[in-house]
Amino acid sequence: MLFQNRQFMLIVIIHIYITGVFATNLNNLPTNLENPSDTLFIRMNPVTVTAERTQASLASVTLATSVIDHELIQSLPLNHLTDALSVSAGMMMVQRDGLGWQSDLMVRGFYGGGEAEYVLLLLDGQPMNSVGNGLVNWLEVPVHNLERIEIVRGGLGALYGDAALGGVVNLITNSSKKPTTSLSVAAGSFGTSTFGLSHNNSFLGHRYKMFLSNEKTDGYRDNSNGSNFQLGGSLNLVQTEKLNVDIHSSNHLQTVQESGPLPSDSLTSNRLASELPFKEDGTSEISNKLGLRAQYNLSKNHTLSVDAWYDRKDQSKIRTLPVMSINLQEHGIEQELRVLDTQERVSNSNRYQANAQLTGVNYWGNKMSRWILGSNIGHATLDDKYYDVFFGSLPAYTDMPDANQDILLTQSTTNRQSLALYAQETVYLTKWLKIAGGGRFDKIHDTSDNTGFDKTEKAFSPFLGVNVQYVNNEHSTGHFYVNASNAFKTPTLDQRFDQRLVRMPFDMNDTTGASFGGYAFYGIVDTVTFPPISNAELNPQYSNNLEFGFQHLHTLNPNVMDLRLSASIYTMDVRNEFDFSFETFSYINIGKSKHTGLELEGELDWYSKGRVFANYTYQDVVAKSGSFKNKNLKAIPKQFISGGFALKPTKSLTVSLVGRLFKDAYLDDANTVKLKDYSSWDSKVSYKMFNLTFSLDIRNVLDASFESTGYPDPTPGSSMQYYFPSASRSYQFGVQTTF
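Residues numbered from 1 in each chain as written. Predicted model: local features only at pLDDT ≥ 70, side-chain atom pairs only at ≥ 80, totals over all residues. Heavy atoms only, no water.

A. Here's a closer look at the pairing of strand β39 (residues 707-712). When you tally the buried positions in β39, you get six out of six residues, the bulk of the element. Sheet topology note: the β39/strand β40 (residues 721-725) ladder contains five bridges and is antiparallel. By the bridge assignment for β40, P712 is matched with Q721. (Buried < 20%, exposed > 50% of the residue type's maximum accessible area, 1.4 Å probe, protein only. Helix = DSSP H or I, 4+ residues; strand = E, 2+ residues; numbered from the N terminus. Pairing = 2+ DSSP bridges.)

B. Examining the sheet that holds strand β6 (residues 110-111) more closely. Ordered by their spatial adjacency, three strands build an open sheet running β4-β5-β6, and the pairing between neighbours is antiparallel. Across the chains shown, the open sheet's two edge strands, defined by having one partner strand only, are β4 (91-95) and β6. Note that strand β5 (residues 103-107) and β6 share two bridges and pair antiparallel. Bridging across to β6, M106 finds its partner in Y111.

C. Highlighting the pattern of salt bridges. If you walk through the whole model with that rule in mind, you get 39 salt bridges. Note that R312 and D314 form a salt bridge whose closest N and O atoms lie 3.0 Å from each other. Among the residues examined, R312 registers a relative accessible area of 29% and is labelled partly exposed. We classify D314 as partly exposed; its relative accessible area is 29%. Among the ionic pairs, R699 bridges to D682, the shortest N-O distance being 3.2 Å. Taken together, the residues span a long stretch of sequence, with R699 in strand β38 (residues 692-699) and D682 in strand β37 (residues 678-689) at a distance of 17 residues. Given a relative accessible area of 13%, R699 falls into the buried group. You can call D682 buried: its relative accessible area is 6%. A single salt-bridge network, built from bridges that share partners, covers D69, E71, R564, E601, E603, R611 and K648. (Salt bridge = Lys/Arg side-chain N within 4 Å of Asp/Glu carboxyl O.)

D. Representation of the nonpolar core. By size, the foremost hydrophobic cluster in this structure holds 29 residues, and its most contacted members are L85, I149, V169 and L171. Elements represented by at least two residues in this core include exactly α2 (70-75), α3 (81-85), β4, β5, β7 (119-123), β9 (146-153) and β10 (167-173). For I149, the residues in contact, after removing those within four places along its chain, are S66, V67, I68, I73, L81, A84, L85, V169, N170 and L171. (Core = buried A, V, L, I, M, F, W, Y, C linked by side-chain atoms within 4.5 Å. Contact = heavy atoms within 4.5 Å.)

E. Expanded view of the environment of T398. With respect to the helices, strands and loops of the structure, T398 is situated in the loop between β20 (367-393) and β21 (408-428). Take T398: its relative accessible area is 51%, and that puts it in the exposed class. Put simply, T398 and P277 are 121 residues apart on the chain and 8.3 Å apart in space, counted from C-alpha to C-alpha.

F. A look at the confidence of the model for the chain. Looking at the chain as a whole, the pLDDT averages 86, with 89% of positions reaching at least 70. Ignoring residues within four places in sequence, the model shows residues 7-40, a span with pLDDT below 50, making 65 contacts including any to other chains. Of the regions scoring below 50 in pLDDT, residues 507-525 engages in 44 contacts with residues more than four places distant in sequence or in other chains. (pLDDT = per-residue confidence, 0-100.)

G. How the structure looks around the packing of aromatic side chains. Under the counting rule described, the total for this entry stands at 13 aromatic pairs. Relative to F480, the ring of Y470 has its centre 4.5 Å away and its plane inclined at 35°; by these criteria the two rings are tilted. With a gap of ten residues between them, Y470 in strand β23 (residues 454-472) and F480 in strand β24 (residues 476-489) connect regions that are remote in the sequence. We classify Y470 as partly exposed; its relative accessible area is 35%. Among the residues examined, F480 registers a relative accessible area of 33% and is labelled partly exposed. Following the ring pairs from residue to residue traces out a cluster consisting of Y470, F480, F548 and F550. One cation-aromatic arrangement involves R108 over Y570; the distance from NZ or CZ to the ring centre is 4.2 Å. Over the ring of Y118 we find K489; its NZ or CZ atom is 5.4 Å from the centre of that ring. (Phe/Tyr/Trp six-rings, centres within 6.5 Å; stacked < 30°, edge-to-face > 60°. Lys NZ or Arg CZ within 6 Å of the ring centre and 35° of its normal.)

H. Just the sheet that holds β40, in detail. Taken together, the three strands give an open sheet; going across it, the order is β16-β40-β39, and neighbouring strands pair in antiparallel fashion. The open sheet has two edge strands, β16 (262-263) and β39, and neither has a second partner. Here two bridges tie β16 to β40, and the two strands are oriented antiparallel to one another. Residue pairing across strands places P263 opposite Y722, the latter belonging to β40.

What follows is the structure in structure tokens.
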């Protein structure tokens with residue numbers, strides 16, 4: 001039974017006890033929810049809603065939290081959401097296409113490699129991760145439509161459950177009640193063009209907001225063109241003193257060709273090329289989301305919030321995988337024959353979710369506590385079909401037919417039901433001491449209609465945090481914090497049930513002259529099919545987390561110049577970490593690993609003249625069991641540095657520059673192949689004239705040539721590596737107006 005979890009029941013009982021004892025004279029209590037000592041430095045100490053699932057000032061939270069506001073988003077050279085995230089400590093982005101259309105996120109040493117996600121993405125509190133693999137489509141929300149971005153790093157299982165092992169990103173859209181319309185157009189290198197429109201107003205007393213965006217590109221490399229269209233908004237249905245009800249929708253249409261990796265021996269000859277086997281690769285998808293949000297004020301200090309939403313995604317994805325390389329020396333040929341497999345996946349997913357949360361504030365004497373009690377329920381279904389496109393040697397792909405759906409390889413239907421209960425209490429014992437504690441119980445039930453698989457996972461994620469204010473005067477405010485927590489991640493439906501078959505060439509020493517892909521002398525006469533790349537027996541991965549940090553705000557000149565410094569040191573002991581094994585060509589649990597790291601952030605806010613910022617991230621991820629014990633996990637840089645400025649020499653002119661440096665990443669489990677360190681710089685110049693703002697963005701200013709990531713050839717003993725090359729310098733000119 002769900003309520004047999006004694007740890008969770010203990011938290012609920014304690015919560016009810018505290019609420020019952022101290023919830024007195026509710027209608028006569030003060031309405032200020034913030035600690036009086038956190039009222040300074042409003043620009044650099046904003047109120048956040050993500051770290052504690054309720055309002056709290058940035059400096060007072062007990063987790064590593066960053067906020068990127070609208071002013072900085074508009075000032076920096078940020079074309080996509082991934083560009084914005086990477087100006088924060090601990091958030092590293094890998095661009096597989098060089099332009100940001102195909103990006104993967106790394107955070108605190110967790111990297112899904114485009115197969116899974118370790119961060120939960122929210123849009124105004126609504127989850128955006130996909131059903132099948134949990135991935136985020138980072139193009140689904142236009143970045144310039146955002147009011148702010150809240151980033152919370154670390155395991156947040158106690159509040160958000162599954163998928164928040166690395167952190168949570170919450171995108172907050174414009175909530176201004178002032179009627180506003182914003183229009184933007186831009187065009188630039190590689191046939192890239194964008195159009196954006198956002199508008200908020202009221203009609204018959206009902207507030208509404210909407211956004212529309214359309215982007216196209218020919219791509220940097222061959223076979224990398226794409227189009228991306230978004231349409232969304234919200235409408236306020238009821239607005240009274242006690243009740244607020246909104247409906248919101250987000251719709252997305254995207255078509256992107258994928259040029260694939262380049263083998264190491266091709267990088268020097270033509271970095272723009274896309275190898276022949278990848279000519280059909282790409283993704284087409286349509287996603288629709290519809291939600292309802294209601295908030296009811298039970299009293300001056302108690303609020304009930306209910307969110308319900310539905311999302312659907314239809315996707316067609318053609319993907320080519322290199323499966324092995326064959327040494328042809330015994331045939332008198334001094335080269336390796338590469339064998340690849342191209343399949344098309346057609347899928348559709350449906351998901352229903354609802355969340356209810358009760359928030360309260362209690363006072364006794366000069367003390368205050370804030371608490372939340374919530375529940376979440378969800379149901380998701382994923383239907384999959386795999387079709388054969390082509391399988392053969394690299395030369396044989398010259399005869400590859402156009403993609404078709406004539407040969408069905410596999411099909412499957414999988415389901416996931418989820419139920420969660422969570423509670424957290426934050427107590428301000430004194431003006432300088434705050435303690436937060438709570439936990440979450442999750443129950444996840446997976447089934448497969450094809451295999452009969454039926455399994456239920458249960459997890460309890462506790463959290464305890466302390467925030468101590470060590471200074472508070474007219475010049476400075478500073479807080480230390482420490483927290484300990486548990487978090488978990490259940491295998492995605494793809495990791496557990498994906499039915500893509502693994503096909504390999506067979507009987508390679510046969511001399512009968514039979515052909516494989518039309519090349520008889522290669523001596524490959526047949527194929528053998530192995531089990532799918534998924535692994536139904538995967539266990540959830542768990543982490544025990546400990547973190548210490550501080551936030552310090554100092555005014556150098558009141559209302560003129562402020563300085564913000566923050567740091568966090570963490571350690572995470574992970575067991576059953578997921579990985580993809582090239583030996584078995586399937587997902588596996590790798591036993592134990594240890595994630596340790598340091599994140600530093602500094603920002604100088606010169607109110608009328610702009611900002612300067614710098615971030616440093618160190619992360620060390622080491623396997624603690626298995627054949628690669630004490631080796632770093634592959635493809636994860638140990639060091640990441642980002643920094644830049646957005647300065648205003650005049651009221652009309654803004655000049656910005658952002659740099660990023662990646663260091664110390666290995667491509668293989670044995671740590672024998674190192675990815676070359678690389679850096680990139682982007683700049684933007686904008687000038688406001690009347691009601692128009694003209695801008696020029698330059699990406700990769702120094703025209704650096706590098707590879708953002710890669711992976712080794714899966715064939716044992718092969719020296720081949722596959723890389724994703726960067727794009728060359730590019731330009732984009734834009735015009736924006738707001739009225």
